[in-house]
Amino acid sequence: MNASADTDLPAHVERALAGFLDRAGTEILGTEPTVAAGIDALRGFVLNGGKRLRPTFAWWGWRGAGGDPAGPDAEGVLQAVASLELIQACALIHDDLIDSSDSRRGFPTVHIAGAKLHADQGWLGSPATFGLATAVLVGDLALAWADDMFADAPLPAGTLAAARPAWRAMRTEVLAGQYLDVRTQATGDASVEAALKIDRLKTAAYTVQRPLHLGAALGGASPELIATLLEFGGEVGVAFQLRDDLLGVFGDPSVTGKPAGDDLREGKRTLLVALGLQLAAEKGEQAAATVIADAIGDADLSDEGVETVRMALQQVGAVDAVERRIDELTTAAMAALERAHLAEPAPEALTGLVVKATQRTY
C-alpha cells in the first residue's frame, strides 16, 4: 500500500471489507448454502454506504503515532481498522430492530427485508417474527466476523495484542451505552446528566475515542499520547452526537437520510430535549415544556407537530445552549489535539474530521 490510503481511505476500507466478506462465508456456504440470504443481507448492509468514521479515526490515530502508509504493516492496519465497520453493522442492525425503523440509507432495514422474504415465499408462521430473528442473527454474525477480521489482520502478534484493550473496551462500552439508552427511554429519565452519559458511552467512546485508541496502539503510541487522544476523542465524540441530535430535529431528511423528528418519535432523551425541558421549567414556559414532553415517544407525531417542537426548543433557548456546548467541546478538543504533537499529516486530517463532524448543516 502507498500514501493513497490517506487521501482515499473509504475506498481502501471498502476493498478490505469486500475481500474479507468474500472469504469469511466460503466454509459455511459449502456446508449450509441456505445461509446465503443472511450473508448477502450483511454484505449489502456493510457495503451499501456508510461514512466509515470509525476506521477513519483509527487510521489517523495510527498515522499520528508514526504509522507509515507505505510500510509493511499498512495493509494489516487497514484490515484491523476496517473491522470496526462490522461492529458498526451489528450495532445498527440491532438498533434498527430496537427502534422499529423501516429504512436505513434508503434501503429496507434487515428485519423489514427478512419479513418481506418470508411473506413472498409464503412460509409458515409470522413474517414479522422471522424478520426480527433474521436481524438478531445477522447482527450477531457481524459481531463474530468483526472479531475474526481483527484477529486475522496480518500484523505481528505484539502489535495486535497492544490494541486489544481498546478493542475490548469499545465493544463493551457501545453495548453499555445502548442499554443505557434503552433503559433511559423506559424510565423516562430526561435529565441532562443521563443524556450526557449516553453521549459519552454510546457515541464518544465508540465512534471516536476507542477507534483513535486502537489505531494509536497499533502504531506503538505511548500511554501519554493515548491519554491525550482519549481526551480529544471524548470532546469530539460528544460534540458529534450533539450535532446529530440537532440534525435529528432540524435537519433536512435528504441530507440526514432519516425523517426529521424520528428521535422524538422514538423517545430519545437527547441533551437537546433535556435542556429544552430544563430551560422551560426555569423560565416558567409551561406551554413549551408541555409541547416538548408530549412529543417524546409519540410515534404518530406529525410533521406539523415536529415544527411546533422546533419552535418550542428555540423559544426556551435549548438550541442556542446546545450550539454553545458544541463550540466549547470543539475548542477543548482542538486544544488537546495541539498538545498531542501527532506526526504529520494527522493533525490536519483530524482537524478536518472535527469540522466535518460538528459544523452546522441545517
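Residues numbered from 1 in each chain as written. Predicted model: local features only at pLDDT ≥ 70, side-chain atom pairs only at ≥ 80, totals over all residues. Heavy atoms only, no water.

The protein chain appears in an unreviewed UniProt entry as Geranylgeranyl diphosphate synthase type I from Amycolatopsis lexingtonensis. In UniProt, the protein chain has this text filed under Sequence similarities (unreviewed entry): "Belongs to the FPP/GGPP synthase family." In its Cofactor (unreviewed entry) section, the UniProt entry covering the protein chain states "Mg(2+)". (UniProt positions renumbered as here; feature names shortened; annotations may be inferred.)

Draft legend 1. Just the overall build of the protein chain, in detail. Along the backbone of the protein chain there are 19 helices and 2 strands. For 362 residues, the compact-globule formula gives about 21 Å, and the C-alpha radius of gyration of the protein chain, at 21 Å, lands near that figure. Viewed in the frame of its principal axes, the protein chain has a C-alpha envelope of about 65 × 60 × 30 Å. Every one of the 362 residues in the protein chain was classed for burial, and the buried ones make up 52%. Here the contacts in the protein chain between residues at least 6 apart in sequence split such that 74% fall between residues at least 24 apart. When the accessible surface of the protein chain is summed, it comes to about 15900 Å², and 56% of that surface belongs to carbon and sulfur atoms. (Helix = DSSP H or I, 4+ residues; strand = E, 2+ residues; numbered from the N terminus. Rg over C-alpha atoms; globule rule 2.2 N^0.38 Å. Buried < 20%, exposed > 50% of the residue type's maximum accessible area, 1.4 Å probe, protein only. Contact = heavy atoms within 4.5 Å. Areas by Shrake-Rupley, 256 points an atom, 1.4 Å probe, with all protein chains shown as cover.)

Draft legend 2. Structural detail: a nonpolar patch on the surface. On the surface, Ile28, Leu29 and Val35 cluster together to form a nonpolar patch covering roughly 190 Å² of accessible area. Among the secondary structure elements, Ile28 is positioned in helix H3 (residues 26-31). Ile28 gets classed as partly exposed once you look at its relative accessible area, which sits at 37%. (Patch = residues over 30% accessible without salt bridge, like charges linked within 9 Å, V, L, I, M, F, W, Y side chains within 5 Å. Salt bridge = Lys/Arg side-chain N within 4 Å of Asp/Glu carboxyl O.)

Draft legend 3. Structural detail: the packing of helix H15 (residues 271-283) against helix H18 (residues 318-340). Contact geometry of H15 with H18 gives a least axis separation of 9 Å together with a crossing angle of 130 degrees. Judged by the angle between their axes, H15 and H18 are oblique. Our pair here, H15 against H18, has a crossing hand that is right-handed. Here Leu271, Leu272, Leu275, Gly276 and Leu279 of H15 come into contact with H18, specifically with Ala318, Val319, Ala321, Val322 and Arg325. Taken together, the residues of the contact of H15 with H18 sort by class into 8 nonpolar, 1 polar and 1 charged. (Axes fitted to C-alpha atoms, helices over the stretch in contact; angles between N-to-C directions. Parallel < 35°, antiparallel > 145°, perpendicular 65-115°, else oblique. Left-handed = near helix turned anticlockwise from the far one by under 90°. Nonpolar A, V, L, I, M, F, W, Y, C, P; charged D, E, K, R; others polar.)

Draft legend 4. Structural detail: the environment of Thr34. As for its position among the elements, Thr34 is in the loop between H3 and helix H4 (36-47). Polar side-chain contacts of Thr34 include one of 2.6 Å to the side chain of Glu32. (Polar contact = N/O pair within 3.5 Å; in protein donor to acceptor, adjacent residues only side chain to side chain.)

Draft legend 5. Expanded view of the environment of Glu328. The topology assignment puts Glu328 in helix H18. Sequence-wise, Glu328 and Leu97 are 231 residues apart; in three dimensions their C-alpha atoms are separated by 34 Å.

Draft legend 6. Just the pattern of salt bridges, in detail. Evaluated as defined, the whole model comprises 18 salt bridges. Linking Asp120 and Lys116 is a salt bridge whose minimum nitrogen-to-oxygen distance equals 2.7 Å. In this pair, Asp120 and Lys116 are both assigned in helix H8 (residues 110-121), 4 residues apart and thus about one turn of the helix distant. Within the structure, one salt-bridge network assembled from shared partners comprises Asp95, Asp99, Asp181, Lys202 and Lys268.

Draft legend 7. Representation of the nonpolar core within the structure. Judged by nonpolar contacts, the single largest core of 75 residues is most densely connected at Leu42, Leu86, Leu218, Phe232 and Leu350. Top element by residues in this core is helix H7 (residues 84-99). It accounts for 9 residues. If near-sequence neighbours (up to four positions away) are discounted, Leu86 is found in contact with Leu17, Phe20, Leu21, Val46, Ala142, Leu143, Trp145, Ala146 and Met149. Counting residues in hydrophobic clusters, the runner-up holds 35 residues, among them Val249, Ala280, Val316 and Leu329. (Core = buried A, V, L, I, M, F, W, Y, C linked by side-chain atoms within 4.5 Å.)

Draft legend 8. Just unusual backbone geometry, in detail. Geometrically, the link from Glu344 to Pro345 is a cis peptide bond, its omega value of 0 degrees lying close to zero. With respect to the secondary-structure elements, Pro345 resides in the loop between H18 and helix H19 (346-358). A positive phi angle, close to 55 degrees, is found at Ser100, a residue other than glycine. Looking at where Ser100 falls in the secondary structure, it is placed in the loop between H7 and strand S1 (103-104). By relative accessible area, Ser100 is classed as exposed at 53%.

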